[in-house]
Amino acid sequence: MDQTALNELIRRFFDAFVSGPDCEERLDALPELFIPQAVIVRTCGSEPLAYTVDEFIAPRRVLLTGGTLTGFREWALDGRLDVFGDIAHWYGAYAKEGRQDGVAFTGRGMKTIQFVRTAAGWRISAAAWDDERPGVVMS
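About the thresholds
- Residues numbered from 1 in each chain as written.
- Predicted model: local features only at pLDDT ≥ 70, side-chain atom pairs only at ≥ 80, totals over all residues.
- Heavy atoms only, no water.
- Pairing = 2+ DSSP bridges.
- Helix = DSSP H or I, 4+ residues; strand = E, 2+ residues; numbered from the N terminus.
- Expected span 1.5 Å × (residues − 1).
- Contact = heavy atoms within 4.5 Å.

Peer 1: Before we go on, may I ask you to explain the pairing of strand β4 (residues 87-100) in this structure?
Peer 2: Looking along a regular strand, one sees side chains alternate from face to face of the sheet. Pairing analysis gives 12 bridges linking strand β3 (residues 69-84) to β4, with the strands arranged antiparallel. For A76, the partnering residue across the bridge sits in β4 and is Y94. Here β3 folds back onto β4 in antiparallel fashion, the turn holding two residues, of which G85 has a positive phi close to 55°. The pairing of β4 with strand β5 (residues 103-118) spans 14 bridges and is antiparallel.

Peer 1: Help me understand helix α3 (residues 53-65), please; the structure alone is not making it clear to me.
Peer 2: At 3.6 residues per turn, the α-helix brings residues three or four places apart onto the same side. Taking 1.5 Å of rise per residue, the 13 residues of α3 would be expected to cover 18 Å, and the 18 Å separating its terminal C-alpha atoms lies within 8% of that figure. Elements that come into contact with the buried residues of α3 comprise α1 (2-15), α2 (23-29), β1 (34-42), β2 (49-51), β3 and β6 (121-131). Looking one or two residues past α3, G67 carries a phi angle of roughly 95°, positive in sign.

From the geometry alone we can't say anything about function, so treat these as descriptive.
Dropping the structure here:
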């Protein structure tokens, strides 16, 4: 049951980052996947940038609904999910594609997502990601 609930949480997390119909609704529902104190960190070859849940969602909402980023989606590739008691961790690859200002692009990277069991069920407590770039390539 934990595996099923956690896999559903992972799916909903990635599904939130799809431009087009129902994007606003998916982004509005995204905070319920996290504990209020969650931290999200972007690395991607620069100094790590930590976000609160709201700080993380706000610029992505602008990108996904503003019209300059179209046909965008992110999805999980292979990953490993470990569960112990009331904590869990997913570490896996992901891919993305879309069109920015009419120019098609693709990308891949790795994400780490940590979960805790709450009275309301499993929630994300932390997430971090790094994308492929010269010198950092997934095998």
